[in-house]
Structure formats: C-alpha cells, structure tokens
Amino acid sequence: MEEIQTFLSGRIWLKEKTPFPLPTIEDYIQKGFIIPHKGIQSKQLSRILKSKQHHCRRCGFEQLSSFQCAKCKGPCLYCRHCIRMGRVSSCTVLITWSGPGIKQVPSHLFSWEGKLTPKQDLASKELLQSVRQNQSHLIHAVCGAGKTELLFPAVFDLLERGKRVCVATPRTDVVLELAPRFQQVFPQTVIHSLYGGSPEYTNYAQLIIATTHQLYRFEEAFDVIFVDEADAFPYTLDVTLQNAVNKAKKKAAAVHTITATPSDELLRQTVNKSVISGRFHGFPLPVPRFVGLWNYKKHIRIGAIPQKLKKWTMHCLHQNQPFLIFFPTIELMEQALPLFLILHSEILSVHAEDPNRKEKVLKLRERKVIGLLTTTILERGITIPDVQVAVVGADELIFTSSALIQIGGRVGRSIEYPNGDLVFFHHGISYAMDKAKETIEAHNKDSGFK
Amino acid sequence: MNCLICSTSFIESASWQKLFLIKPADVICNQCRSKFEKILKTKSENEWSGTIYEGALDSVKSFYTYNDWMKHVFQQYKFQLDVELAKIFVEDFRPLRQVQELIVPIPLHPEMLHERTFSQVDQFLIDANVPFKNVLSKTENRSQVGKTRKDRMSTELLFSVQENVQEQHIVLIDDLYTTGTTLHHAAFALKKAGAQTVRAITLIRV
C-alpha cells in the first residue's frame, strides 16, 4: 500500500508501466484509491457537426496520429508528442492516486556556508515574502548573478512547512547542474532529478528538480513550482510544456520564474519582481565585440577557416584558455570541425542529440579538451572558468537577443577569471545583436559601471 | 511539413512527379533521409546449404543496412510503437504494387500482435498500398533474440501454412534479416505446401 502511494502520489502514469503487479493496481482501482483515465480524451466541438477534438491526457497534444489497432480492433489514436515516456493511445489507461495523502514529518537540514551579496540577499528576501504570500514572483537576474543560491532560503522555508516543491527548467543540462547543488545544501532531503533517461524512482521526494518535459507525468502534485531559465527553448514555443507546469501544480499553487532574459510578456504579467543587474563577484558583464566575417559559410564549405576566426582560435590555444565556439547549424559545425582539428587535435563538437554531451562538457571543464564547437544547446546552464566565447554567424535568426545574452553570460563567471573575450563574428549586424549589446551595457550601467 | 523524425519543418524540393501526385511528398527531411544507408549489392547465401532448408528460399533482397541511425529509427517504430514511422519507407515498398506474385508478410504470434498493437511488417505494406495476404501463422510465441546462430538454425518449424498456395509464386516480406532463420522456415513451409517459387524482401539486412 505504502509503496504504491508514495510512487503514485501526484503522478499520472501508464497503468501497464508501473513497477507494481497489474492485479494489485486493479484491486486499488476497485477500492477507489486509484482513478483510471482514458489515454486519449475527446471533447465535443459542435453538437450539430458532431465534430470532436481529441487530445492526449498526459501532455495535452492535439495533433494525434491514427492507426488500425490490433488490441482494440479498430481505429486508434496515439500521441507522438510524449511517446518517449511510453505510448499513450485510445486504448491505454493512465492512472492517478486518489487515496490518502502523504503524511510525513518534515526533517530537513539547511547546510549552506555561502554568503549572499546585498543584492542577492534583497532579492532572496523578496522572493521568500512572495512565497509565503503564495504570489507569483519573477527574479530577473543577469547571467552569473547567482540565481540558484537565492532560491535556497525560500525552498528551505517550503520544505520545513511540509510543502512539495519543484524546480523545473526546459534544459537537461540545467537539471544536471542544479541537482547536485541542491542535494549538497539539503543533505537530508530526498531529491529526485528527472530528465529524459534519468533513473526511475519509486520512493517519494518532497523536492523535485526536473525538466519541464517530465512534468507531463505529474498532476496536482506541487505546492510551489520554480521555473528556472523560463525563456529557454523549447519552453516558450511549446504550449504543451507551459500547460504541463500548470497541470503539475496544485490549483492554488504559485509559479515563480527565474531568468536572465525575460520576455516582454513575462515582464508585463508579473507584479512581484526582483532585479539583479550585476554579477555576484562585482565585475561588469563582458560586452560583445562585433567582428565582420564575410562569407564565412562559403569559406568553411570550401575547407578554410576564415582568417579572423583562425587568429582568434590560435590566440586561445596559445594562451591555453578553454574556448566555446557557437555555430548556427549542426551542418556548418560539422563542416568546420575537421578544419579546427588541423589547428589542434583536442577539439570536440557537441549538439543536442549527441549522446556524449555530458561527458564532453565535463572534459572542457576539467581542461581535458581545449575547445568545444557547439550549437545553441550550451547557451546556458554551464560554467567553465576562464572560458573564451565566439559566435560564428551571430546574425543568423537562431541567435535571438536572449540567446546572445545567454551565450555572453558564459564568459567571466568565476571570481578567479571575471573577464574574458566575447566575440560575435557576423556577416552583417542584426537587430538582435544590437539589442543584446544594448541590454548588456544597460545592466552594467545599472550596476554603476560606465 | 514537419519531419517525422527530427520534427523540424522542411521544404521539399519541387518535382513534376510530386506536382501531379504521382509521387507522394516525403515525410522526413533530406538530412534525416541521407543518414539511411541503402544496400546496393545483395550477398549470396550459403550458410543454409547442407541443411533441409537448402533451396527453400530462391533469393533475398534487403533495402537498408542496420546502421546506428536505422537502429534508432527502428527502435522508435517497433518498440516505442510509433506506427506512423512506417510511412518513411513507402517508396521502398511501393514497387511491389506492380508484381504478379502473391505477397505474404511474416506474421507475429497473435499474443505478440495483441501486445504490440500493430504488425510492424504489415504496416509497411498498408502504408504503401500494397495488397497482401496473410497465409502464414506463427506456431509459437518465442522471440529469436538471444539465441545463437546454431540455436536459431536448428529450431523446429516456426510457421504453418493456412491457405492453399499450390503452384503459387510468393514474395515474403519481413523487417529484419539477421541469420535468415525466419525466412528459411517460412519458405520451407510454403514450398512444402506446394508453392512454386519463394523469394523474400526485407527492410533491413543486419
């Protein structure tokens, strides 16, 4: 009983895919402790036309695929959107827990030795106040302001009061970076970190660090959700992810947002907000240099690194400084990799589907490789001391102003190396590049730099 | 159009065939398409000579190698049950509409079919609009996975023939060709039931 309760509380799960035997699940359904739901839900759009709108009960996706099903012997709809979590179709059943709630005596330890800067401290107190009043709060803090630390007091307060808390982010890399930090600060708390391919837990966690995708599998679970890096791809583009956050929280729960680059809409919506325009170490944000790199695509295609880019890379190699070079497409990056390998044999490339992504970033951090070529996948969530950053084709559409600001945020994060070079190589200056530079300069001005 | 595999939107190159609806629009982008590796030359089989199955199967043709990309896509299709991915291979199976032979897909065991909800072999033919007939039935629900080559070659007959195939010319269809056990058993059963010729086509050659 207890096991099923702890596993299923707040979750929505495929009936056939739980770690428990099916007869037991059936028995609980009979007793009313577990509620079954149809995998695909329909709502009548128009009575006259008898047209129906179908959607996936788990992720809410509406563009479903259909096939002749051998199990239910008829046309069956299924959802491709969340298929990696096990397929939801017309003839599958999802289950939720409706039995007694989890009763537990909160016992948490807050073990953090660090100290907040006055600005962090103020923002942290403002957040704590909003949390206590259960009102949404926006933390707008520049890259390297120390956003994670200022969550700790609010999270501790919630845990102590027995609340279930989720820190969600669109990026797996961010989950991987956050989870160990939270575990260190709350050593006695059961914390689950959930992302595609993470271990499956059967016990109950009061604190969950998860990708927003994983929230498809929760329902009315959390008393509070913090969405970190809320403007990151694909969260802003994918409505089902935003719905997932709403579905995963309890009805009355507040959602708090933390980001360095809030959208105009987000700024308009939120009433309570704290702004931190300077970095925790007190040095200004690196301002990008614009360097023209004409016809870079053609040069790379015909097998030559453009001179200025080559010079920049050679400089990093010479100074033995780790570097990141961002490319607009995987294709261009893969064309460029062999050319860079001629300069130095310890350069790797990394992109979203790369199975060794985690290891490669780690190698750069440990200085086992000198440089990484990357797509926008590494635009946020990573900290590498003394890293130098170049963007090739900064004028390409994929580099929005917030992407460029985030990329720039990789430079000079650590107190040992608060400066570093940030170059935007371009084939014409875009509006986004200008906006990124202006925003960075405005933040610096706000923190008292000229 | 969004690519069925990587879901990025892509623009297809125009062609007269597509314009006049002779050729359907592609369901995946060029980049994803280019990662599949076509088999140009068919290897001849001799591992079965000397066994009772020798000569049962007249020829085998496979379309693709089992490279990492195919493994990835095939896994999503067969085990994550993403039925729609069968559409990727419509162009490969479409020419079968023209053949005069009887097209026979390798069946799943009924229990397996119920569990998987679709037959991953039939689905290729359904999407390519190829008429076929289920004349075989699988006699036991045992997977070939985990068996050694010798084990596979010496198992008892895996199929029985449900309909009259006297004097028929048959094309067997399967998804994977690994050791050839499945196809040799099926061909053996068909020849025994009176089929005149049996050749086979598989999507993938391991």
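Residues numbered from 1 in each chain as written. Chains lettered and ligands numbered in written order. Predicted model: local features only at pLDDT ≥ 70, side-chain atom pairs only at ≥ 80, totals over all residues. Heavy atoms only, no water.

- Under an unreviewed UniProt entry, chain B has the name ComF family protein and belongs to Paenisporosarcina quisquiliarum.
- Recorded in UniProt for chain B, the comment headed Sequence similarities (unreviewed entry) runs: "Belongs to the ComF/GntX family." (UniProt positions renumbered as here; feature names shortened; annotations may be inferred.)

- Under an unreviewed UniProt entry, the name given to chain A is DEAD/DEAH box helicase family protein, and the source organism is Paenisporosarcina quisquiliarum.

### Topic: the interface of chain B and chain A
Next, step 1: Listed per partner, the contact involves 15 residues of chain B and 12 residues of chain A.
Next, step 2: Approximately 1,200 Å² of surface area, both sides summed, lies buried where chain B meets chain A, with 47% of it carried by carbon and sulfur atoms.
Next, step 3: Among the salt bridges present, the one from B:Asp82 reaches A:Arg80, with a minimum N-O distance of 2.9 Å.
Next, step 4: Linking chain B to chain A there are nine residue pairs in polar contact (both at pLDDT 80 or more).
Next, step 5: Among the secondary structure elements, those contributing two or more residues to the side of chain B that touches chain A are helix H3 (68-78) and helix H5 (110-116) of chain B.
Next, step 6: When grouped by side-chain class, the residues that make up the side of chain B that touches chain A number six nonpolar, six polar and three charged. (Contact = heavy atoms within 4.5 Å. Buried area = accessible area lost by both parts, 1.4 Å probe. Salt bridge = Lys/Arg side-chain N within 4 Å of Asp/Glu carboxyl O. Polar contact = N/O pair within 3.5 Å; in protein donor to acceptor, adjacent residues only side chain to side chain. Helix = DSSP H or I, 4+ residues; strand = E, 2+ residues; numbered from the N terminus. Nonpolar A, V, L, I, M, F, W, Y, C, P; charged D, E, K, R; others polar.)

### Observations regarding the environment of A:Asp434
Next, step 1: Along the chain, A:Asp434 falls in helix H13 (residues 431-446).
Next, step 2: Each C-alpha atom of the pair A:Asp434 and A:Ser401 lies 8.0 Å from the other, and the pair is 33 residues apart in sequence.

### A short note on unusual backbone geometry
Next, step 1: Of note, the phi angle at A:Arg367 is positive, near 65°, even though the residue is not glycine.
Next, step 2: By the secondary structure assignment, A:Arg367 is in the loop between helix H11 (357-365) and strand E18 (371-374).

### Some thoughts on the sheet that holds strand E12 (residues 222-228) of chain A
Residues and elements named next belong to chain A.
Next, step 1: With parallel pairing, seven strands are arranged side by side in an open sheet as E10-E11-E9-E12-E13-E8-E14. Each edge of the sheet is formed by a strand with only one pairing partner; in this case those strands are strand E10 (191-194) and strand E14 (272-276). The sheet shows a mean angle of 15° between the axes of neighbouring strands, taken without regard to direction.
Next, step 2: Here three bridges tie strand E8 (residues 137-141) to strand E13 (residues 249-259), and the two strands are oriented parallel to one another. Among the inter-strand pairings, Leu138 is bridged to a residue of E13, identified as Thr257.
Next, step 3: Set on the sheet, helix H4 (residues 152-160) makes contact with strand E9 (165-169), strand E11 (207-211) and E12; between it and E12 the angle comes to about 165°.
Next, step 4: With respect to the sheet, helix H6 (residues 239-248) is in contact with E12 and E13, its orientation differing from that of E13 by roughly 130°. (Pairing = 2+ DSSP bridges. Axes fitted to C-alpha atoms, helices over the stretch in contact; angles between N-to-C directions.)

### A closer look at helix H12 (residues 401-408) of chain A
Residues and elements named next belong to chain A.
Next, step 1: Burial analysis of H12 places seven of its eight residues in the buried class, which makes it a mostly covered element.
Next, step 2: Turning to H12, its buried residues number three or more, namely Ser401, Ala403, Leu404, Ile405, Gln406, Ile407 and Gly408.
Next, step 3: Lining the buried residues of H12 we find strand E16 (323-326), strand E19 (388-392), strand E20 (422-426) and H13. (Buried < 20%, exposed > 50% of the residue type's maximum accessible area, 1.4 Å probe, protein only.)

### Examining the pairing of strand E2 (residues 102-105) of chain B
All names here are of chain B.
Next, step 1: Burial along E2 is two-sided: Leu102 and Val104 facing one way and Ile103 and Pro105 facing the other are all buried.
Next, step 2: When E2 meets strand E5 (residues 169-177), the two strands line up parallel, connected through four bridges. If you follow Pro105 over to E5, its bridge partner there is Ile173.

### Concerning the nonpolar core
Residue and element names in this part refer to chain A.
Next, step 1: Phe182, Phe186, Leu207, Phe226, Leu324, Leu378 and Leu404 are the most contacted members of the largest nonpolar core, which totals 59 residues.
Next, step 2: Looking at which element gives the most residues to this core, the answer is H4, with six residues.
Next, step 3: For this core, the domains that each give at least three residues are domain 2 (118-276) and domain 3 (289-446). (Core = buried A, V, L, I, M, F, W, Y, C linked by side-chain atoms within 4.5 Å. Domains from an automatic or database assignment.)

### Considerations on the pairing of E5(B)
Residues and elements named next belong to chain B.
Next, step 1: Most of E5 sits inside the fold, with seven of its nine residues counted as buried.
Next, step 2: One ladder, built from eight bridges, connects E5 with strand E6 (residues 197-205); its direction is parallel. In the sheet register, Ile170 faces E6, and the bridge partner there is Val198.
Next, step 3: What joins E5 to E6 is helix H8 (residues 181-192), and the crossover it makes is right-handed. (Right-handed = clockwise from strand over helix to strand, strands pointing away.)

### Here's the deal with the packing of helix H3 (residues 118-133) of chain A against H4(A)
All names here are of chain A.
Next, step 1: Taken N-terminus to C-terminus, the directions of H3 and H4 make an angle of 30°; their axes are 8 Å apart at the nearest point. Between H3 and H4, the angle falls in the class roughly parallel. Viewed along their axes, H3 and H4 form a crossing whose handedness is right-handed. For the pair H3 and H4, the contacting residues are Ser124, Leu127, Leu128, Val131 and Arg132 in the first and Pro153, Ala154, Asp157 and Leu158 in the second.
Next, step 2: Looking at the contact of H3 with H4, its residues break down into six nonpolar, one polar and two charged. (Parallel < 35°, antiparallel > 145°, perpendicular 65-115°, else oblique. Left-handed = near helix turned anticlockwise from the far one by under 90°.)

### Concerning the environment of B:Gln75
Next, step 1: Mapped onto the elements, B:Gln75 comes out in helix H3.
Next, step 2: Considered as a pair, B:Gln75 and B:Val171 are 96 residues apart in the sequence and their alpha carbons are 25 Å apart.

### Brief notes about the confidence of the model for chain B
Next, step 1: When pLDDT is averaged along chain B, the result is 88; 88% of the residues meet or exceed 70.
Next, step 2: The least confident element of chain B is helix H7 (residues 149-154) of chain B, whose mean pLDDT is 64; the most confident is E2(B), at 97. (pLDDT = per-residue confidence, 0-100.)

### Description of the packing of aromatic side chains
Residue and element names in this part refer to chain A.
Next, step 1: Scanning all chains against the criterion turns up 31 aromatic pairs over all chains.
Next, step 2: Ring centres of Phe7 and Trp13 lie 5.1 Å apart, and the angle between their planes is 75°; this geometry places the pair in the edge-to-face category.
Next, step 3: By relative accessible area, which is 6% here, Trp13 ends up buried.
Next, step 4: On the basis of an interplanar angle of 10° and a centroid distance of 6.1 Å, the ring pair of Phe156 and Phe186 is categorised as stacked. One end of the pair, Phe156, is in helix H4; the other, Phe186, is in the loop between helix H5 (172-185) and E10, and 30 residues separate them in sequence.
Next, step 5: Lying over the aromatic face of Phe7, Arg11 brings its terminal NZ or CZ to 4.7 Å of the ring centre. (Phe/Tyr/Trp six-rings, centres within 6.5 Å; stacked < 30°, edge-to-face > 60°. Lys NZ or Arg CZ within 6 Å of the ring centre and 35° of its normal.)

### Section: the sheet that holds strand E7 (residues 93-97) of chain A
Residue and element names in this part refer to chain A.
Next, step 1: The three strands lie next to each other as E1-E7-E2, forming an open sheet whose pairing is antiparallel. The open sheet is flanked by strand E1 (12-14) and strand E2 (34-38), the only strands paired with a single partner. When strand polarity is set aside, the average angle formed by the axes of neighbouring strands in this sheet is 35°.
Next, step 2: Two elements, E2 and E7, share five bridges in a ladder whose sense is antiparallel. Looking at the pairing, His37 lines up with Leu94 of E7.

### A word on the pattern of salt bridges
Next, step 1: In this structure the tally under the stated criterion is 31 salt bridges over all chains.
Next, step 2: Between B:Glu91 and B:Arg94 there is a salt bridge whose closest N-O contact spans 3.1 Å.
Next, step 3: What makes B:Glu91 partly exposed here is its relative accessible area of 34%.
Next, step 4: Bridged by salt links that share partners, the residues A:Arg171, A:Glu229, A:Asp231, A:Glu379 and A:Arg380 form one connected network.

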